[in-house]
Amino acid sequence: MNVYLVGGAVRDELIGREIKEKDWVVVGSDEEDLLSKGFKKINSKFPVFLHPETKEEYALARKEKKVSPGHQGFKFIFDPSVKIEEDLKRRDFTMNAIAKKDNGELIDPFAGVSDINNKLIKHVSEFFIEDPLRVFRCARFAATLKSFGFKVSDETINLMQTKFSEGEFLSLSAERVWTETQKALVSEYPEEYFSILNKADCLHYFFDLPDIKEVIELIEHIKKKYVGDVERWAAICSFLIDQKKTNELLKIPKKFSKLSEKIQECIKLFTQKSSDSEILDSLYKISFFRESSSARKAMELCDDLMKEKGSSLSLEPSLILNIVTKLEKSKNEINSSLKGMKDEDKKSKLTELRLNIIRKTRTNL
Ligand code: CTP
């Protein structure tokens, strides 16, 4: 049996990046043999085993055999006769299709080393189109490897534009697409992810963005101040036409959708002509009276987004900040005014007192 280091570990070592995890491929063996050596089979679509000591993943080399027409008409073969080159051929990118023997020798049938040297993200073969997630992986690699000078090859862009259907994209697991998106969001060039998806002509299935150029410009500006994925995601959402649709399609985790919803409310607050009670209503919607620090953060981020976009404002964010500061300062005073009141009267009194503060601050009294 021969064991090879494959995938991201070989790629990252050649690029000079930190290696995150090691994946291995086993050639000339089978399930029975590995189980007898103490490997534990894991729950996976393919035969993958955990090493008894290192707990790293070892997969049996596999190849596809065409059994019927169409690009789904393949059967997987895992027998000991499968060669490492056959296993590498079904991988996504040439930079990910290099195997390393334990003596350090590289098996590189698709010129992955040369593509790494030329800083090119390029598909290996026609097998690329078997998995539409690879389009998102491509965009994510473009974002994470841009700082090393990498670009997506024109042939790969062309393949992505022409070979996938809407149905294939929409049948992808939401979690897998979101994982790629999240990895891109925390990278140095998150805008590259959206730019490549746009070039691949699949951005619009998941993200309803009116003008990609504006989105890219905004991310380029705000990414220096906002390094977290939640804030960067909220910035992108400020452009989304149908935020609910994206939330549902990608099953966006709550902490992400919560901030984006607050930002939408703040945009409304800053850009629409609001009455005192509409301002109060917005403050309730962004949970200002329950979580004032996260509501303030949303307002600050929204203020930055509005400035970057050059949006025309109806209410100055500084006025709103003044209002919330006054509301916070009068908390004790308001509470003592409510002391001794019946519960059913408290609510309307509280609203009245808060509205008074808003009115006085607006009229500068
Ligand atoms: N792979 C593939 N097609 C996919 C997913 C993975 O061909 N849709 C292959 C690639 O050879 C990849 C390897 O499986 O390098 C391991 O995949 P994974 O661990 O998901 O990603 P890495 O490439 O290791 O990258 P990272 O760790 O940065 O996610």
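Here is what the cut-offs are and how they apply
- Residues numbered from 1 in each chain as written.
- Predicted model: local features only at pLDDT ≥ 70, side-chain atom pairs only at ≥ 80, totals over all residues.
- Heavy atoms only, no water.
- Domains from an automatic or database assignment.
- Buried < 20%, exposed > 50% of the residue type's maximum accessible area, 1.4 Å probe, protein only.
- Helix = DSSP H or I, 4+ residues; strand = E, 2+ residues; numbered from the N terminus.
- Pairing = 2+ DSSP bridges.
- Axes fitted to C-alpha atoms, helices over the stretch in contact; angles between N-to-C directions.
- Parallel < 35°, antiparallel > 145°, perpendicular 65-115°, else oblique.
- Left-handed = near helix turned anticlockwise from the far one by under 90°.
- Contact = heavy atoms within 4.5 Å.
- Nonpolar A, V, L, I, M, F, W, Y, C, P; charged D, E, K, R; others polar.
- 1 Å grid on protein atoms, 1.4 Å probe; cavity = no way out; pocket = protein on both sides within 12 Å on 5 of 7 lines; lining within 4 Å.
- Points joined across faces, edges and corners; volume = space filled by probe spheres on them.
- Near = heavy atom within 4 Å.
- Polar contact = N/O pair within 3.5 Å; in protein donor to acceptor, adjacent residues only side chain to side chain.
- Areas by Shrake-Rupley, 256 points an atom, 1.4 Å probe, with all protein chains shown as cover.
- Sits in = over half its atoms within 2 Å of the grid points.
- Phe/Tyr/Trp six-rings, centres within 6.5 Å; stacked < 30°, edge-to-face > 60°.
- Patch = residues over 30% accessible without salt bridge, like charges linked within 9 Å, V, L, I, M, F, W, Y side chains within 5 Å.
- Salt bridge = Lys/Arg side-chain N within 4 Å of Asp/Glu carboxyl O.
- Lys, Arg positive; Asp, Glu negative; His and termini not counted.
- Charge placed at Lys NZ, Arg CZ, Asp CG, Glu CD.

## Quick word on the domain arrangement of the chain
Part 1 of the argument: According to the domain assignment, the chain contains domain 1 (1-118) and domain 2 (271-364).
Part 2 of the argument: Between domain 1 and domain 2, the C-alpha centre-to-centre distance is 57 Å.

## What about the pairing of strand E2 (residues 23-27)?
Part 1 of the argument: The element E2 is largely enclosed, with a buried count of four among its five residues.
Part 2 of the argument: The pairing of strand E1 (residues 2-6) with E2 spans five bridges and is classified as antiparallel. Following the sheet pairing, leucine 5 is matched in E2 by tryptophan 24.
Part 3 of the argument: Bridge analysis of E2 against strand E5 (residues 57-60) gives four bridges, and the strand direction is parallel. Residue pairing in the sheet places valine 26 in a bridge with leucine 60 of E5.

## Thoughts on the packing of helix H5 (residues 133-145) against helix H9 (residues 190-199)
Part 1 of the argument: In contact at an axis separation of 7 Å, H5 and H9 are set at 140° when each is read in the N-to-C sense. Here H9 runs oblique to H5, going by the angle between their axes. The handedness of the crossing between H5 and H9 comes out as right-handed. Residue-level contacts link Val135, Phe136, Cys138, Ala139, Arg140, Ala142 and Ala143 of H5 to Glu192, Tyr193, Ile196 and Leu197 of H9.
Part 2 of the argument: Tallied by class, the residues present in the contact of H5 with H9 amount to nine nonpolar, no polar and two charged.

## So, the layout of surface pockets
Part 1 of the argument: Approximately 1600 Å³ is the volume found for the largest pocket.
Part 2 of the argument: Sorting the residues of the lining of the largest pocket by element identifies helix H1 (8-15), E2, E5, strand E7 (74-77), H5 and helix H8 (174-185) as the ones contributing at least two each.
Part 3 of the argument: With five residues, H5 is the single largest residue contributor to the lining of the largest pocket.
Part 4 of the argument: Its residues assigned to classes, the lining of the largest pocket shows 15 nonpolar, nine polar and 22 charged.

## Thoughts on the site of the ligand
Part 1 of the argument: Close to the ligand lie 15 residues; Arg11, Arg91, Asp92, Asp131 and Arg134 are nearest.
Part 2 of the argument: Here a nitrogen atom of the ligand sits 3.0 Å away from a polar atom, N or O, in the side chain of arginine 134.
Part 3 of the argument: Within the side chain of arginine 137, an N or O atom sits 3.2 Å from an oxygen atom of the ligand.
Part 4 of the argument: When the free accessible area of the ligand is taken as 560 Å², the share hidden by the protein chains comes to 80%.
Part 5 of the argument: With respect to the detected pockets, the ligand is housed in the largest pocket.
Part 6 of the argument: Broken down by element, the residue count for the shell around the ligand peaks at four residues, all from H5.
Part 7 of the argument: Considering only residue class, the shell around the ligand consists of one nonpolar, three polar and 11 charged.

## Notes on the environment of glutamine 272
Part 1 of the argument: Relative to the assigned elements, glutamine 272 resides in the loop between helix H14 (254-271) and helix H15 (276-285).
Part 2 of the argument: Here glutamine 272 falls in the partly exposed class, since its relative accessible area comes to 41%.

## Quick notes on the packing of aromatic side chains
Part 1 of the argument: Under the counting rule described, the total for this entry stands at 19 aromatic pairs.
Part 2 of the argument: Plain terms: the ring middles of phenylalanine 128 and phenylalanine 164 are 6.3 Å apart, the flat faces sit at 70° to each other, and that makes the pair edge-to-face. Of this pair, phenylalanine 128 sits in the loop between strand E10 (120-121) and H5 while phenylalanine 164 sits in the loop between helix H6 (154-163) and helix H7 (166-170); the two residues are 36 residues apart in sequence, bridging distant segments of the chain. For the pair formed by phenylalanine 128 and phenylalanine 164, the shared burial category is buried.
Part 3 of the argument: Ring geometry for phenylalanine 136 versus phenylalanine 206: centroids 5.4 Å apart, planes at 90°, classification edge-to-face. With a gap of 70 residues between them, phenylalanine 136 in helix H5 and phenylalanine 206 in helix H10 (residues 203-206) connect regions that are remote in the sequence. By the burial criterion, phenylalanine 136 is buried, and phenylalanine 206 matches it.

## Regarding a negative patch on the surface
Part 1 of the argument: A cluster of acidic residues, Asp211, Glu214, Glu217 and Glu220, forms a negative patch on the protein surface.
Part 2 of the argument: Here glutamate 220 lies in helix H11 (residues 212-222).
Part 3 of the argument: Judged by relative accessible area, glutamate 220 falls into the partly exposed class, the value being 34%.

## Some points on the pattern of salt bridges
Part 1 of the argument: Summed over all chains, the structure comprises 28 salt bridges.
Part 2 of the argument: Here glutamate 105 makes a salt bridge to lysine 101, at a shortest N to O gap of 3.4 Å.
Part 3 of the argument: Measuring nitrogen to oxygen at the nearest pair gives 2.6 Å for the salt bridge that ties glutamate 180 to arginine 140. Here glutamate 180, found in helix H8, pairs with arginine 140, found in helix H5; they are 40 residues apart in sequence, far enough to count as distant.

## Brief notes about the side chain of serine 153
Part 1 of the argument: Examined against the element boundaries, serine 153 turns out to sit in the loop between strand E11 (151-152) and H6.
Part 2 of the argument: Given a relative accessible area of 3%, serine 153 falls into the buried group.
Part 3 of the argument: A distance of 3.0 Å separates the side chain of serine 153 from the side chain of threonine 156, its partner in a polar contact.
Part 4 of the argument: With near-sequence residues (within four places) excluded, serine 153 lies in contact with Leu120, Ile121 and Lys122.

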